[in-house]
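Overview (structure and organization)
Spelled out from the first residue to the last, the chains are:
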Amino acid sequence: MPGLLRGVARTAVIAGTATSVSNRVSRRQAQRWGAQDQYAEPAYEEPPPPAPAAPVAPAADPIQQLKDLAALKEQGILTDDEFAVQKAKILNS
């Protein structure tokens, strides 16, 4: 049993050392590449194509708008005054 524990401990030490060395090498390489990128010429990037134009909403049907408004008034969502104001906006547009 002591031989087994010694073997496991040795493996753990070796693996830990290998991980530490690997991380150190990776950090050093990243620093070197970062330093090289500072002096590199910026790459030319083509500007993205313009976004497509938004589709134009169809003109609202005033009759349907008035029906919707009347339904809101019947449900008690709009008062008589609010209904009159919205109705005038629809009819004047």
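Please refer to the structure higher up on the page.
Below you will find a few notes about this structure. (Residues numbered from 1 in each chain as written. Predicted model: local features only at pLDDT ≥ 70, side-chain atom pairs only at ≥ 80, totals over all residues. Heavy atoms only, no water.)

**Overview of the overall build of the chain**
- From N to C terminus, the chain includes 3 helices and 0 strands.
- Traced from its N-terminal end to its C-terminal end, the chain shows the element sequence α-α-α.
- For the chain, the proportion of its 93 residues judged to be buried stands at 4%. (Helix = DSSP H or I, 4+ residues; strand = E, 2+ residues; numbered from the N terminus. Buried < 20%, exposed > 50% of the residue type's maximum accessible area, 1.4 Å probe, protein only.)

**Brief notes about the packing of helix H2 (residues 62-74) against helix H3 (residues 80-92)**
- The N-to-C vectors of H2 and H3 enclose an angle of 175°; their axes lie 10 Å apart at closest approach. The orientation of H2 relative to H3 falls into the category roughly antiparallel. For the pair H2 and H3, the contacting residues are Pro62, Gln65, Leu66, Leu69, Ala70 and Lys73 in the first and Asp80, Phe83, Gln86, Lys87, Ile90 and Leu91 in the second. (Axes fitted to C-alpha atoms, helices over the stretch in contact; angles between N-to-C directions. Parallel < 35°, antiparallel > 145°, perpendicular 65-115°, else oblique. Contact = heavy atoms within 4.5 Å.)

**Digging into the packing of aromatic side chains**
- Evaluated as defined, the whole model comprises 0 aromatic pairs.
- One cation-aromatic arrangement involves Lys73 over Phe83; the distance from NZ or CZ to the ring centre is 4.9 Å. (Phe/Tyr/Trp six-rings, centres within 6.5 Å; stacked < 30°, edge-to-face > 60°. Lys NZ or Arg CZ within 6 Å of the ring centre and 35° of its normal.)

**As for H2**
- Between the first and last C-alpha of H2 there are 18 Å, a value that for 13 residues agrees with the 18 Å anticipated at 1.5 Å per step.
- In the stretch just after H2, Gly76 is the one whose phi turns positive, near 85°. (Expected span 1.5 Å × (residues − 1).)

**As for a positive patch on the surface**
- A contiguous patch of positive charge on the surface is contributed by Arg24, Arg27, Arg28 and Arg32.
- By the secondary structure assignment, Arg32 is in helix H1 (residues 2-39).
- You can call Arg32 exposed: its relative accessible area is 55%. (Patch = residues over 30% accessible without salt bridge, like charges linked within 9 Å, V, L, I, M, F, W, Y side chains within 5 Å. Areas by Shrake-Rupley, 256 points an atom, 1.4 Å probe, with all protein chains shown as cover. Salt bridge = Lys/Arg side-chain N within 4 Å of Asp/Glu carboxyl O. Lys, Arg positive; Asp, Glu negative; His and termini not counted. Charge placed at Lys NZ, Arg CZ, Asp CG, Glu CD.)

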